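Coordinate inspection notes
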Amino acid sequence: MRTLICLTSLLLVACSEESNQIPLYEAQRQTLSVIVPASGELFAAKSEALTAPAFRNGPQSLAWLAPEFSQVKKGDVIARFDGESLSVRAQQFEHKIALSNLDIHEKDAELTTEGEAIGQDIELVGEEKEFAEQFAIDDVQIRSKLEILESLQNKEYLTAKQGYLHWKDDSFKQSSAGELGLLSMQKSQHQQRLSSFTSSLELLEVRAPHDGTLVYYADWSGQKPSVGQTMWPGSKIATLPDLSLVKAKLFVLESEALDLAAGQSVSLYLVARPQTELLGEVEAVAPMPSSIRRNDPQKYYEVTVNLAKQDPELLVPGRKVEARINVLNQPDSLVVPLQSLFNQQNSYQVFRKEGSDFTAVPVQVGRTSLSHAQILSGLEEGDEVALINIEDKS
């Protein structure tokens, strides 16, 4: 009998020690908060883009840039392109125009001389023909038949020569006009090219259209314009934002985007000034996630946040921010850790401690955070639940 009592006592002690080794959690009523981390930057709701000028001669290299985030006035130069190559090309076409003028002058003098020579020949032949006609004597009693025949042949020759010279004069005038026209056309083409380069030289400076804070444009890789960079016409250089309304653009990792919606409160901190807290509210959430970096398989939801207060000196577009989005803030919720919930045939159950034993209890789960779940029914405040699966211990 004494031996049986001892064995029973040892078993009770062993069960009690085993029960005490199971980690427990006491269900409590508290505020269930779901905080989603995010990062991004500030941007102006309204801004004017500044682009590379419409060069007519291809891309140009940046020679100078104004400091980013500097305050600029209307008309201030914010970027200047290298015009050395354009100046060289312009000088080349100025030289070609000078050569064209010289060619035209020489050709005009040459044609004038040749035209005058043809004119003199026409005048001389005309005088000879007039003389031959004036002193022609056809009387055989005065002149022999041979002399009369020679005289007639001479008049015919002079008439033919006169006709030829007039034809030569007309042809010469036409060809002269063509040659001078060709040289003039070449000169005009050189002038057009020179005008093109001159216009491009005038566009080498990009000026601010109005007062504002200068923010340089970042491409898909995050790179901003730099001195020496070649830019095509129309490429974005910078923006001049309207600082009267600044918002935040945040990116939330797809796996952490739990129930994001407009109207949720947001706490933000400037990376450069982490001690300063900014408050805001979600304005919009992108309908679909997307990649924000090239070759990055991770996707993010873009979230636009309205800021509660505007401070032009502090809220500068382009500044990086870290944020926490309060997706859920539900007070007086009975909560337990997610690790105390176990899925059983598409429903949840917990193992509630009853004395020295545990009972599987079905529960109805409400909202969840990354660590806790709201219990709508099945448990009471103060109930203790196991943080491990009791069935695995049996």
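About the cut-offs
- Residues numbered from 1 in each chain as written.
- Predicted model: local features only at pLDDT ≥ 70, side-chain atom pairs only at ≥ 80, totals over all residues.
- Heavy atoms only, no water.
- Helix = DSSP H or I, 4+ residues; strand = E, 2+ residues; numbered from the N terminus.
- Contact = heavy atoms within 4.5 Å.
- Areas by Shrake-Rupley, 256 points an atom, 1.4 Å probe, with all protein chains shown as cover.
- pLDDT = per-residue confidence, 0-100.
- Pairing = 2+ DSSP bridges.
- Buried < 20%, exposed > 50% of the residue type's maximum accessible area, 1.4 Å probe, protein only.
- Core = buried A, V, L, I, M, F, W, Y, C linked by side-chain atoms within 4.5 Å.

**Overview of the overall build of the protein chain**
Looking only at helices and strands, one finds 3 helices and 21 strands in the protein chain. Sequence separation of at least 24 residues holds for 76% of the intrachain contacts in the protein chain that already meet a minimum separation of 6. Carbon and sulfur atoms provide 51% of the accessible area of the protein chain, an area that totals close to 24100 Å².

**A look at the confidence of the model for the protein chain**
For the protein chain, mean pLDDT is 79; residues scoring 70 or higher make up 77% of the total. Least confident of the elements in the protein chain is helix α1 (residues 2–20), whose mean pLDDT is 39; most confident is strand β15 (residues 300–307), at 95. Low pLDDT, under 50, characterises residues 1–17; the predicted model gives this stretch 0 contacts beyond four residues in sequence or across chains. Segment residues 137–143 is flagged for pLDDT under 50; beyond a separation of four residues in sequence, or across chains, it makes 11 contacts in the model.

**Description of the sheet that holds strand β9 (residues 215–216)**
The 3 strands lie next to each other as β3-β11-β9, forming an open sheet whose pairing is antiparallel. Each edge of the open sheet carries a strand with a single partner, namely β3 (47–51) and β9. Judged from the 5 bridges that link them, β3 and strand β11 (residues 236–241) form a sheet pairing that is antiparallel. Across the sheet, the residue bridging to threonine 51 is lysine 236, located in β11.

**Some words on unusual backbone geometry**
A positive phi angle, near 55°, is found at glutamine 345, a position not held by glycine. Tracing the backbone through its elements, the reader meets glutamine 345 in the loop between β17 (342–343) and β18 (348–354). Judged by relative accessible area, which is 72%, glutamine 345 ranks as exposed. Backbone geometry at asparagine 346 places phi at a positive 65°, although glycine is not the residue there. Take asparagine 346: it is sitting in the loop between β17 and β18. On the accessibility criterion, asparagine 346 (79% relative accessible area) is exposed.

**What to know about the nonpolar core**
Leu250, Leu268 and Ile325 are the most contacted members of the largest nonpolar core, which has 41 residues in total. Contributions of two or more residues to this core are made by β2 (28–44), β12 (246–253), β13 (265–270), β14 (277–285), β15, β16 (320–337), β19 (357–368) and β20 (372–377). Considering each element in turn, this core owes the most residues, 8 residues, to β16. One finds Val206, Leu214, Ile237 and Ala238 within the second-largest nonpolar core, a separate group that totals 18 residues.

**Quick word on the pairing of β18**
Both β17 and β18 contribute to a ladder of 2 bridges, which runs antiparallel. Paired with asparagine 343 across the bridge in β18 is tyrosine 348. Turn length for the β17-β18 hairpin, with the two strands adjacent in sequence and antiparallel, is 4 residues, and the turn residue glutamine 345 shows positive phi of about 55°. Pairing between β18 and β19: 7 bridges, direction antiparallel. Within β19, the residue paired with valine 350 across the bridge is valine 361.

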